[in-house]
Amino acid sequence: LSTSPRSSRSVSAICWFGDWTVAVYSSVCSDLTYTVKEIKSFQMLRALMRRAINDGSAALLGRVASSSARINNSHLKKKYFDELERLVEVVGAVGLQVAHSGTIAGIIFNPATAELGERLFETNARVAQLYGTETWCFEVGSRRRELGK
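Cut-offs used in this document
- Residue positions are given per chain, counted from 1 along the sequence in the order it is written.
- Local features in this predicted model are restricted to residues of pLDDT 70 or higher, and side-chain atom pairs are both shown and tallied only at a pLDDT of 80 or more, whereas totals for entire chains, interfaces and linings draw on every residue.
- Note that the side-chain values use all heavy atoms of the structure and ignore hydrogens as well as water.
- Secondary structure elements are taken from DSSP: a helix is a run of H or I of four residues or more, a strand is a run of E of two residues or more, and numbering for both begins at the N terminus.
- Multiplying 1.5 Å by the helix residue count minus one yields the expected span of that helix.
- Exposure is judged per residue with a 1.4 Å probe applied to protein chains only, and the accessible area is read against the type maximum: over 50% gives exposed, under 20% gives buried, and values in between give partly exposed.
- The directions considered for the arc are those from the helix axis to the C-beta atoms.
- Working definition of a nonpolar core: buried Ala, Val, Leu, Ile, Met, Phe, Trp, Tyr and Cys residues. They are joined through side-chain atoms within 4.5 Å.
- Residues are treated as being in contact if the distance between any of their heavy atoms lies within 4.5 Å.

A look at helix 5 (residues 116-131)
(1) Moving on: Here helix 5 is 16 residues long and its end C-alpha atoms lie 22 Å apart, about the 22 Å a rise of 1.5 Å per residue gives.
(2) Moving on: Every buried residue of helix 5 is accounted for by L116, G117, L120, T123, N124, V127 and Y131. The buried residues of helix 5 all sit within an arc of 120 degrees when viewed along its axis, so they share a single face. Residues F121 and Q129 are exposed on helix 5 and point more than 90 degrees away from its buried face.
(3) Moving on: At the C-terminal side of helix 5, G132 shows a positive phi close to 65 degrees.

Below, the structure is given as structure tokens:
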């Protein structure tokens, strides 16, 4: 990806968590074969991602990340993926990001979201219920945000 000199504000607050019970090596990811439709979707998503960054749009960034995550989940299943998509809606997040290896994911929030600290706290608790793992919360382009603040 690239950064935009026009967009210096925080675009998103992200709550990251890993599924450390799954080991996926880069050779597995390099064996993935995408359809022509999926490749065209990725091309469109890259253009939309650039626009999201240039415009500082957390909402668009979230939609792009979620679309990419859905495509990749059809190739490399993420444990509790459907629950994570529902969690995005329940906590008022803007999207779901999943690493292409499938071993780490993030719930993306608009940093201007009302009661963001409480939403991050709730996300942390629900992710812990699903995965039994800790999360890391931070703002892109900003200092680390403490849970509940």
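Overview of the nonpolar core
What tends to happen in soluble globular proteins is that the nonpolar side chains get buried as a cluster.
(1) Moving on: Within the largest apolar cluster, 17 residues are counted, with the highest numbers of intra-cluster contacts made by V91, A93, L96, V98, I107 and F109.
(2) Moving on: Of all the secondary-structure elements, those providing two or more residues to this core are helix 4 (81-90), strand 2 (95-98), strand 3 (104-109) and helix 5.
(3) Moving on: If sequence neighbours within four positions are ignored, L96 has contacts with G62, A65, S66, A69, F81, L84, E85, V88, G106 and I107.
(4) Moving on: L60, V64, A65 and I108 belong to the second-largest nonpolar core, a separate cluster that totals eleven residues.

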